[in-house]
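What follows is each chain in one-letter form.
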Amino acid sequence: MVGRLMAERGPNLVLVIDDNAANRALAQATLEDEGYQVVLAAAGEAGVAAFVRQPPDCVLLDIQMPGMDGVAVCQRVRELPGGADVPVVFLTAQRDVETFDRARQAGGDDFLTKPFRPSELILRIEAAMKLRRIALERGELVELIRRQRDDVMRLQLQREQLMAFLVHDLKNPVHAISLSGELIARDQTASPRTRAAAAAIRSDSESLLRMIMNLLDLSKADEGRLVPARQRVDLAGLAAEIAAGMAARARTAEVEIAAEVAPRTIHADPELIRRVLENLVDNAIRHAPPESVVRITSIDRGAGIELRVADAGPGVPAALRERVFDRFVQGDTPARAGRGLGLAFCKLAIEAHGGTIWIEDGNPGAVFCVRLAGA
């Protein structure tokens, strides 16, 4: 019955209530491209008034707004004639259990995190409207499905919060260990053996910090939230910094690092690109034989740049080169075993930039190659 009435009236109408003009514009363009009619409101009170004037088929509702916030708007909509049957999809920049619980208790049908992907927005809007239509016919079954979905979502948010707490709590002591190691390594009164041990402690603590950050970013990528904060990055300078910063780690493994990257600027997230290269260099150091050289080089590809990190170790078997970027995949031999997260992070970070990463045969060794667009 509801579907027939909607078909008679024409395209589905979505009411977008958000105090951010850019968010409203993106939602409007995305929805109109898919054939929806869109009504915009820049505040909660205006959104309720728009609902009364022209009841929509779905409401896309920001939670944090001055004056009447999204939760209050949803509660008010549910009290209006016909408001109980209109799906409400909440938008929020806060992805936490408390915000999710508030949205659910107010009568929200779904929960979408900003910044959202246009394709995901369309899928969520369509799913919310379909569930509401089915609920009118088979209410008990849909309510059970919705509760199960909400329980899964809540568990996911709890997992993310726990991950964030762990990362935050682990970062501070690891930073303290690294700083103490550096202070001892710089102490001219300490013995050479003590200073060498302190440098190794600092190097290992930095490796641990990279693993912690990899874990956090892998979790972000699962939710589509690994978004590069792009700015101009000097690749030659970055490669030289990484080579100098990881020199102590290389000396412990009796390996040298040579950075031979040509001057080139790209538009990328400097922190993510730095950690990609650090992970690749760390991987190369672990697999390089003593008295060999780990090389960071580049090839100009015109519109793009190719970065290459090569070692002279046992290499990566051809059959494993695709799978080695999956999480927790390790080499078939102890000589090429890995920690299982560093390379997975590298792939996700490079793909978030629209780039590609792959492995070539170094004959001997392995060459990890990254291609990125230029500035």
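Quick note: structure is the one above.
Below, the structure is looked at part by part. Since this is a predicted model, take the numbers as computed values, not measurements.

## Details of the sheet that holds strand E1 (residues 13-17)
Here we have five strands laid out as an open sheet, ordered E2-E1-E3-E4-E5, and parallel in their pairing. With one partner strand each, in any of the chains shown, strand E2 (37-41) and strand E5 (110-113) form the two edges of the open sheet. Direction aside, the axes of adjacent strands within the sheet are offset by 20 degrees on average. Both E1 and strand E3 (residues 58-62) contribute to a ladder of four bridges, which runs parallel.

## So, the pattern of salt bridges
Overall, the coordinates contain 19 salt bridges when judged by the stated rule. With a shortest N-O distance of 2.9 Å, Arg78 and Asp109 are connected by a salt bridge. With Arg78 in helix H4 (residues 70-79) and Asp109 in the loop between helix H5 (97-105) and E5, this pair connects stretches of sequence that are 31 residues apart. Neither Arg78 nor Asp109 differs from the other in exposure class; each is buried. Note that Arg274 is salt-bridged to Glu241, the shortest N-O span being 2.5 Å. One end of the pair, Arg274, is in helix H11 (residues 270-287); the other, Glu241, is in helix H9 (residues 235-245), with 33 residues separating them in the sequence. Where salt bridges share partners, they join Arg301, Glu306, Arg308, Glu360 and Arg371 into one cluster.

## Overview of the pairing of strand E9 (residues 292-300)
Bridge count for strand E7 (residues 255-260) against E9 is six bridges, and the pairing is parallel. The residue bridging Glu256 from the neighbouring strand is Val293, located in E9. Two elements, E9 and strand E10 (residues 304-310), share six bridges in a ladder whose sense is antiparallel. Its bridge partner lying in E10, Thr297 is registered against Arg308.

## Some points on empty space enclosed by the protein
In the structure shown here, the tally under the stated rule is two cavities of 30 Å³ or more. The volume enclosed by the second largest cavity comes to roughly 40 Å³. Lining the second largest cavity, in full, are Ser203, Glu206, Ser207, Arg210, Gly245, Met246 and Arg249. It is helix H8 (residues 192-222) that provides the largest number of residues to the lining of the second largest cavity, a total of four residues. Partitioning the lining of the second largest cavity into residue classes produces one nonpolar, three polar and three charged.

Definitions and limits used
- Residues numbered from 1 in each chain as written.
- Predicted model: local features only at pLDDT ≥ 70, side-chain atom pairs only at ≥ 80, totals over all residues.
- Heavy atoms only, no water.
- Pairing = 2+ DSSP bridges.
- Helix = DSSP H or I, 4+ residues; strand = E, 2+ residues; numbered from the N terminus.
- Axes fitted to C-alpha atoms, helices over the stretch in contact; angles between N-to-C directions.
- Salt bridge = Lys/Arg side-chain N within 4 Å of Asp/Glu carboxyl O.
- Buried < 20%, exposed > 50% of the residue type's maximum accessible area, 1.4 Å probe, protein only.
- 1 Å grid on protein atoms, 1.4 Å probe; cavity = no way out; pocket = protein on both sides within 12 Å on 5 of 7 lines; lining within 4 Å.
- Points joined across faces, edges and corners; volume = space filled by probe spheres on them.
- Nonpolar A, V, L, I, M, F, W, Y, C, P; charged D, E, K, R; others polar.

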